[in-house]
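Residue-level listing of the chains:
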Amino acid sequence: VADQIECAVFVFDANGVYQRRFASQGTGDGQLSEPSHMCIDSAAEELFVSDARNHRVSVFSTRNGEFRRRVGDEAGDDAVGQPPALERKADQDRA
């Protein structure tokens, strides 16, 4: 669950039992500011989180929540605006 107030991702098991949380509020790597949408790439074991106020998409490990990389940058030419939603394409469509 992406929590916009806490600026964190909360992980629950299939029964809805809380497991852990990761990320925190801020602008650095592994930090979020208004996370909204998420998408999982299960083959790569990655969770993509749209981060509206940081104008980027942050990528975390689905295993442990470790930050892996980001796409876009609030201050850079590669800013992605306020990404509203994420969608994973089928494997055959990936570059």
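Everything here concerns the structure above.
The structure contained in this document is the topic of the report that follows. Predicted, not measured: the structure shown is a model, and the values here were computed from it. (Residues numbered from 1 in each chain as written. Predicted model: local features only at pLDDT ≥ 70, side-chain atom pairs only at ≥ 80, totals over all residues. Heavy atoms only, no water.)

Notes on the overall build of the chain
Scanning the chain from N- to C-terminus turns up 0 helices and 9 strands. Reading the chain from its N terminus to its C terminus gives the helix and strand order β-β-β-β-β-β-β-β-β. When burial is assessed residue by residue, the chain has 32% of its 95 residues classed as buried. A fraction of 36% describes how many contacts in the chain between residues 6 or more apart in sequence connect residues 24 or more apart. Total accessible area on the chain is roughly 5900 Å²; 45% of this is exposed by carbon and sulfur atoms. (Helix = DSSP H or I, 4+ residues; strand = E, 2+ residues; numbered from the N terminus. Buried < 20%, exposed > 50% of the residue type's maximum accessible area, 1.4 Å probe, protein only. Contact = heavy atoms within 4.5 Å. Areas by Shrake-Rupley, 256 points an atom, 1.4 Å probe, with all protein chains shown as cover.)

Here we look at the packing of aromatic side chains
On inspection of all chains with the given rule, the structure shows 4 aromatic pairs. On the numbers, 5.9 Å between centres and 75° between planes, the contact of phenylalanine 60 with phenylalanine 67 is edge-to-face. Classification of phenylalanine 67 as partly exposed rests on a relative accessible area of 22%. Pairwise contacts between aromatic rings join Phe10, Phe12 and Tyr18 into one cluster. (Phe/Tyr/Trp six-rings, centres within 6.5 Å; stacked < 30°, edge-to-face > 60°.)

Regarding the pattern of salt bridges
Here the idea is simple: oppositely charged side chains can pair when their charged atoms come close. Going through the model one piece at a time under the given rule, you end up with 7 salt bridges. For the salt bridge of arginine 69 with glutamate 46, the shortest nitrogen-to-oxygen distance reads 2.7 Å. Of the two residues, arginine 69 sits in strand S9 (residues 67–71) while glutamate 46 sits in strand S7 (residues 46–51), which places them 23 residues apart along the sequence. Looking at arginine 69, the relative accessible area reads 36%, which means it is partly exposed. Salt bridges here are not isolated pairs; linked through shared partners, they connect Glu46, Arg68 and Arg69. (Salt bridge = Lys/Arg side-chain N within 4 Å of Asp/Glu carboxyl O.)

Distances and angles like these do not, on their own, reveal function.
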